[in-house]
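Structure assessment
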Amino acid sequence: MKVAVRLRVNGQDTELLVPPYKTVLEILREDLGLTGTKHGCELGECSTCGILVDGKPFLSCLALPLDLEGHEITTIEGLAEGSRPHPLQVTFAELGAAQCGYCTPSMILTAKALLDTDPHPSRAAIQQALAGVLCRCTGYLKIFEAVELAASRHG
Amino acid sequence: MAKTQADELAVVGKSLPKPDAMGKVSGQARFADDLMLPRMLFARILRSPLPHARIRQVDASRARAMPGVQAVLTGEDLPIKYGILPVSQDEEALCSEKVRYVGDPVAAVAATDEWIADAALEAIDVSFEALPSVMSIDEALAQPGEPIHPRGNVHKAVALEFGDTEEGLRSADHTREDVVFFEGNTHLPMEQHAAVAQYGQDGKLTVWSSTQTPHYVHRALGKVLELPMSRIRVIATPNGGGFGGKSDIFAHEIVAAKLAMVTGRPVKITLTREEVFYAHRGRHPVLMKVRTGFRRDGRITAMQFQSFLDGGGYGSYGVASTYYTGALQTATYAIPRYRFEGVRLFTNKPPCGPKRGHGTPQPRFALEVHLDKVADELGLDPVAIRRRNLVQPNSQTVNWLRITSCGLEACMDRVVADSRFLERRTAMPSGRGLGFAVSSYLSGAGTAIYWNDMPHSEVQVKVDRGGGVSVLCGAIDIGQGSDHILAAIVAEVLGVSLQDIQLTTADTDLTPIDLGSYSSRVTFMVGNAAIAAAQRVRQRLAEAAARMLHCESDELSFRGGQVGRRDHPGEAISFAQTVQAAEAGEGLISASGSYTPPKLAGPYKGSGVGPSPAYSFSAAVVEVECDPRTGEVRVPEVWIAHDIGRAINPVLVEGQVEGSVYMALGEALMEEQTFRIGVHKFPSMLEYKSPTTLEMPVVHTSLVESLDPEGPFGAKEAGQGPLLPVIPAIANAVYNALGVRIDEIPITPEKVLRALAQPSRRVGPKGVPRFAFPSPIQAARPPEWEGK
């Protein structure tokens with residue numbers, strides 16, 4: 001059985017016919033080809049699948065498509081303006097904040113949600129905001145610095 | 001090249017974004033599970049629910065009849081055994097007679113989608129005959145029932161002695177014995193393992209896999225599938241974290257390939273997170289006993305070290321792991337007489353293998369807490385006792401390890417001074433403590449897994465008349481930055497920018513070999529091969545440029561995309577023009593370079609594990625804050641110095657150091673891979689505790705540049721060594737804070753509370769089991785140790 005869903009992803013409306021039990025994570029990756037959204041556990045534990053829904057961090061592995069009708073979904077692919085990267089993408093690259101790069105899309109989106117509400121966050125606020133996103137490579141420190149650098153460039 | 005001054009370098013030594021950085025921050029990097037091919041099928045593996053059992057029968061008829069199921073495989077379809085080490089060919093991709101741990105693969109399904117494949121697994125009927133299981137080192141030695149492998153539960157027992165250690169202990173002023181335990185833990189890469197396989201009607205097999213070792217996967221596929229390696233192409237995809245966890249050959253890689261051959265369609269398999277916990281090949285649980293003799297002034301007279309490794313169900317890297325638990329004690333301290341005895345036992349748990357530091361974090365923990373205890377007894381401080389015994393640059397250890405560059409003392413000085421360790425450690429407020437430790441690690445294993453005389457790394461460089469430079473190498477970037485090493489070194493030698501370099505890596509059809517991203521070997525070996533290849537290209541370009549600029553080729557500099565006369569800065573031509581002139585003269589300009597490490601193994605059996613062309617060194621001071629009411633240990637601050645030889649990209653080296661500190665913190669305080677009757681206690685990312693942003697301390701990282709004479713531009717490793725001193729430094733800091741000794745990793749709140757309540761103020765093992773080690777191989781000592 002399939003259901004018709006209308007999702008708004010990265011500013012574009014898309015109509016899909018999908019099994020109602022297929023997660024938003026699977027739909028993004030398999031039906032829309034947005035493989036920048038990753039999966040680490042598919043149980044809501046690691047936040048690797050993080051996207052933004054109406055600007056707020058959201059675990060796509062725990063959501064079903066009908067839940068998100070009428071909401072604005074942003075994935076990592078929606079962050080750049082054309083081929084111009086978002087400032088967080090630039091600072092993550094500059095400071096080596098992406099090692100294997102697997103948690104990076106979710107980490108950057110979560111950081112964007114923070115900067116959108118708190119343009120000059122303290123180190124503690126950054127740590128708090130990113131606490132749910134696990135990274136095994138970096139020890140998080142370059143990530144904190146990249147968020148701070150992006151914030152400082154924002155003026 | 002090692003001694004090139006930093007100000008002469010344009011790319012090397014600079015903190016630049018790595019070549020794969022933008023792909024990773026934009027979501028464009030293509031990991032194995034991101035690959036989608038037309039007509040692709042999805043595979044799943046049925047795994048044993050029992051830790052030890054005989055397989056009586058597998059009936060897949062119901063599964064085969066299900067709509068959407070395209071193929072089902074069982075043990076009889078893949079009967080040839082394999083393993084990463086030539087001496088341990090003991091695994092089957094699908095077990096045919098026996099299962100040896102919960103999670104051992106039994107059958108596999110390919111179907112049109114994953115839900116159908118999952119449902120089909122449920123429809124496979126397996127009849128098992130349960131066997132008594134072996135869950136610990138003690139049980140393995142007691143050997144109550146049928147052994148796990150025909151030759152018994154003792155997988156490997158080794159014993160080596162360098163000099164008469166009994167005599168060394170007798171002549172000591174002071175001896176001490178400690179017994180400690182290091183629990184197993186796992187890599188937990190964020191990306192689950194995945195592989196995609198495609199078999200063409202031309203009889204060629206292509207496998208994309210998230211692997212650190214495409215070359216060894218290539219070999220194993222050839223063996224198990226009985227295909228010539230020339231018809232198999234293995235492409236390693238960027239690893240979403242490895243840490244050693246993707247450096248073995250995994251059943252799912254072989255299964256996906258076989259299913260693609262059977263169905264004629266592409267097949268993808270991605271492990272679930274739970275399967276990743278069981279795939280494992282991580283840190284061995286190791287029980288250790290160390291006995292050392294000292295002179296009154298703190299100098300070591302002799303050391304005896306014993307290791308008992310809980311290996312899990314198969315061999316994996318275990319023989320190497322066993323030797324590694326005894327190999328590097330001598331790389332930091334000048335130990336004149338040394339005995340090592342190690343034994344690895346089979347148990348009915350997922351096989352253990354290499355995790356960051358492979359077999360050396362456990363003995364490093366043992367050694368560094370042991371030294372602190374001895375220092376207390378001798379009235380020395382922790383720094384002084386280490387200074388008395390420090391290994392010297394350009395020396396040879398008693399077990400024949402060749403030490404060249406050595407910045408160990410500089411690392412110690414830095415962290416001791418920056419943390420004010422000596423001034424503060426005796427005056428810490430209640431519940432706070434400082435701990436110190438040092439370590440050393442390989443810059444690549446000096447011997448290949450399959451002993452042979454061929455190079456360990458090869459690089460091809462080809463220049464294009466438009467000025468582009470193609471670099472081809474089998475190395476796989478697992479996040480550590482190996483792509484950057486390749487690109488930066490070639491860019492430096494040819495005087496072009498990083499953006500002019502095109503990399504093709506880790507593709508057995510297209511790229512020359514690199515043995516893999518393990519043993520911290522890539523910077524050193526790939527780097528040297530890249531220098532060799534780029535210098536050959538440069539020489540041919542220089543000859544063409546010299547003709548145009550009317551000078552000798554050795555008067556030219558390559559810099560900023562220009563080739564010019566060093567003494568006449570105005571006289572230069574562009575790099576692209578140089579290529580065109582050279583190409584017009586002699587055709588395609590390309591060259592290759594190779595690196596083979598020097599033969600360093602000592603004259604004794606077992607000497608192949610430990611030698612490396614260079615060793616990194618690290619020192620750490622850790623500050624802890626302990627709550628005696630809850631037993632909780634927090635780490636607010638870490639000082640760490642690492643002898644990197646030369647940082648080819650400082651920001652990436654810092655990232656490796658910080659990541660090592662992080663991983664050490666998790667291992668020291670919370671992570672454990674433990675089982676209840678073979679079932680993992682914490683097979684999820686919620687239950688398996690790992691540090692979050694909130695646990696990460698302030699880290700003061702110092703890089704010490706000792707400029708290794710054989711390293712590429714002087715560089716050594718950074719990926720594994722800096723993990724090593726942090727774990728014992730935490731244990732030593734907890735002792736400084738609370739006066740309790742937790743001789744068992746991880747240091748959990750429960751253990752701290754238990755130690756506080758005990759008169760001994762200690763938690764840890766009481767002894768080691770009785771085991772008859774073979775009588776040690778009496779190895780000659782290198783000349784400089786004779787008579788000492």
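Every chain begins its residue count from 1, and numbering advances along the sequence as written. Each chain takes a letter, starting from A, and each ligand takes a number, starting from 1, following the order in which they are written. pLDDT decides what is reported in this predicted model: residues at 70 or higher carry local features, side-chain atom pairs at 80 or more are listed and counted, and totals for whole chains, interfaces and linings draw on all residues regardless. With hydrogens and water stripped out, all remaining heavy atoms of the structure feed into the side-chain values.

1. A closer look at the overall build of chain A
The helix count covers DSSP runs of H or I at least four residues long, the strand count covers runs of E at least two residues long, and both are numbered beginning at the N terminus. Within chain A one finds five helices and five strands. Every radius of gyration here is taken over C-alpha atoms, with the globule rule written as 2.2 Å times N^0.38, N being the number of residues. Over its C-alpha atoms chain A spans a radius of gyration of 15 Å, differing by no more than 12% from the 15 Å that the globule rule assigns to 155 residues. Overall, chain A is about 50 × 30 × 25 Å in size when its C-alpha atoms are taken along their principal axes. Per-residue accessibility, obtained with a 1.4 Å probe over protein chains only, is compared with the maximum for each type, and a residue is labelled buried under 20%, exposed over 50%, and partly exposed between these values. Expressed as a percentage of the 155 residues in chain A, the buried residues total 58%. When the accessible surface of chain A is summed, it comes to about 6000 Å², and 52% of that surface belongs to carbon and sulfur atoms. Computed over 13 positive and 18 negative side-chain charges, the separation of the two mean positions in chain A equals 5 Å. Exposure was quantified through the Shrake-Rupley algorithm and a 1.4 Å probe, taking into account, for residues, occlusion by the shown protein chains and nothing else. Charge assignment in this entry is limited to Lys and Arg as positive and Asp and Glu as negative, and neither His nor the chain termini are counted. For this purpose, a charge sits on NZ of Lys, CZ of Arg, CG of Asp or CD of Glu.

2. Some words on unusual backbone geometry
Negative phi characterises most residues that are not glycine, and trans characterises most peptide bonds. In this chain, I745 of chain B is followed by P746 of chain B through a cis amide linkage whose omega measures 0°. Residue D54 of chain A is not a glycine yet carries a positive backbone phi of 50°. Tracing the backbone shows D54 of chain A in the loop between β3 (50-53) and β4 (56-59). With phi around 60°, F243 of chain B is a residue other than glycine that occupies positive phi space.

3. With respect to the sheet that holds strand β23 (residues 562-565) of chain B
All names here are of chain B. We treat two strands as partners when DSSP finds at least two bridges between them. Read from one edge of the open sheet, three strands run β22-β23-β24, paired in antiparallel fashion. Each edge of the open sheet carries a strand with a single partner, namely β22 (556-559) and β24 (572-574). Taking each pair of neighbouring strands and ignoring which way they run, the sheet shows an average axis angle of 20°. Relative to β24, β23 runs antiparallel, the two sharing three bridges. If you follow G564 over to β24, its bridge partner there is A572. Contacting β22, β23 and β24, helix α15 (residues 522-549) runs over the sheet at an angle of about 120° to β22. Under this scheme, a helix contributes an axis fitted over its contacting stretch, all axes are lines through C-alpha atoms, and angles between N-to-C directions fall in the 0 to 180 degree range. What makes two residues a contact is simply this: any of their non-hydrogen atoms within 4.5 Å.

4. Focus on the packing of α15 of chain B against helix α16 (residues 575-586) of chain B
All names here are of chain B. Look at α15 against α16: their axes get within 8 Å of each other, and the N-to-C directions meet at 95°. Comparing the axis directions of α15 and α16 gives the class roughly perpendicular. On α16, the residues that touch R540, L541, A544, A545 and M548 of α15 are F575, T578, V579, A581, A582 and E586. Classifying every residue of the contact of α15 with α16 gives eight nonpolar, one polar and two charged. Orientation categories follow fixed angle ranges, with anything under 35 degrees roughly parallel, anything over 145 roughly antiparallel, 65 to 115 roughly perpendicular, and all other angles oblique. For this classification, the nonpolar set comprises Ala, Val, Leu, Ile, Met, Phe, Trp, Tyr, Cys and Pro, the charged set comprises Asp, Glu, Lys and Arg, and every other residue, Gly included, is treated as polar.

5. Examining helix α3 (residues 114-122) of chain B
All names here are of chain B. Listed in full, the buried residues belonging to α3 are A117, A120 and L121. Axial view of α3: buried residues confined to an arc of 105°, hence all on one face. Turning to α3, the residues buried within the fold contact β1 (41-47), α2 (61-64), β3 (69-74) and β5 (105-111). The N-terminus of α3 is capped by D113, whose side-chain oxygen sits 2.9 Å from the backbone nitrogen of W115. To obtain the arc, one takes the directions from the helix axis to the C-beta atoms. For this analysis, a polar contact is any N or O atom pair within 3.5 Å, provided that within protein one partner can donate a hydrogen and the other can accept it, and provided that sequence-adjacent residues contribute only side-chain to side-chain pairs.

6. Side note on the domain arrangement of chain B
Residues and elements named next belong to chain B. Splitting chain B by domain gives domain 1 (38-131 + 190-241 + 246-279), domain 2 (160-185 + 282-446 + 602-779) and domain 3 (454-595). Source of the domain bounds: an automatic or database domain assignment. Between domain 1 and domain 2, the C-alpha centre-to-centre distance is 36 Å. Counting residues at the interface gives 23 residues for domain 1 and 25 residues for domain 2. Buried surface area refers to the total accessible area, computed with a probe of radius 1.4 Å, that the two partners give up upon joining, counted for both partners together. Of the roughly 1900 Å² buried where domain 1 meets domain 2, counting both sides, 62% is carbon and sulfur surface. When a carboxyl oxygen of Asp or Glu lies within 4 Å of a side-chain nitrogen of Lys or Arg, that pair is called a salt bridge. The tally of links from domain 1 across to domain 2 stands at zero salt bridges. Where domain 1 packs against domain 2, one counts ten residue pairs in polar contact (both at pLDDT 80 or more). Looking at the side of domain 1 that touches domain 2 element by element, the count peaks at five residues for helix α8 (residues 273-279). A class-by-class count of the residues in the side of domain 1 that touches domain 2 yields eleven nonpolar, four polar and eight charged.

7. Examining the pairing of strand β18 (residues 432-442) of chain B
Each regular strand displays side chains that alternate between the two surfaces of the sheet. All names here are of chain B. With ten of its eleven residues buried, β18 lies for the most part within the structure. One ladder, built from eleven bridges, connects β18 with strand β26 (residues 615-626); its direction is antiparallel. Residue pairing in the sheet places L434 in a bridge with E623 of β26.

8. Some points on the nonpolar core
F92 of chain A together with F436, V624, I730 and I747 of chain B are the most contacted members of the largest nonpolar core, which totals 191 residues. In this structure V624 of chain B touches G431, R432, G433, V633, R634, V635, P636, I730, A733, V734 and A737 of chain B, once residues within four positions along its chain are discounted. Think of a nonpolar core as a cluster: buried Ala, Val, Leu, Ile, Met, Phe, Trp, Tyr and Cys residues, connected wherever their side-chain atoms sit within 4.5 Å.

9. Considerations on the packing of helix α3 (residues 104-117) of chain A against helix α4 (residues 123-130) of chain A
Residue and element names in this part refer to chain A. Two elements in contact, α3 and α4, have axes whose closest approach is 10 Å; the angle formed by their N-to-C orientations is 130°. In terms of orientation, α3 lies oblique with respect to α4. Relative to α4, the crossing made by α3 is right-handed. Between α3, through M107, T110, A111 and L114, and α4, the contact on the second element is made entirely by A125, I126, A129 and L130. Here the contact of α3 with α4 is composed, by residue class, of seven nonpolar, one polar and no charged. Left-handed describes a crossing whose near helix is turned anticlockwise from the far helix through less than a right angle; right-handed describes the clockwise counterpart.

10. Details of the sheet that holds β26 of chain B
Residue and element names in this part refer to chain B. With respect to topology, four strands assemble into an open sheet ordered β18-β26-β27-β30, the strand pairing being mixed. The open sheet is flanked by β18 and β30 (698-704), the only strands paired with a single partner. Recorded for the sheet is a direction-independent mean angle of 15° between the axes of neighbouring strands. As paired elements, β26 and strand β27 (residues 633-643) share nine bridges and run antiparallel to each other. By the bridge assignment, E623 is partnered in β27 with E637.

11. Quick word on helix α6 (residues 214-225) of chain B
All names here are of chain B. An expected span of 1.5 Å times one less than the residue number is assigned to each helix. Between its terminal C-alpha atoms α6 stretches 16 Å, which fits the 16 Å expected from twelve residues at 1.5 Å a residue. Extensive coverage of α6 is indicated by the burial of ten of its twelve residues. Restricting attention to buried positions, one finds in α6 the residues P214, H215, Y216, V217, H218, A220, L221, G222, V224 and L225. For α6, the secondary structure elements touched by its buried residues are β10 (205-209), β11 (232-236) and α7 (251-263).

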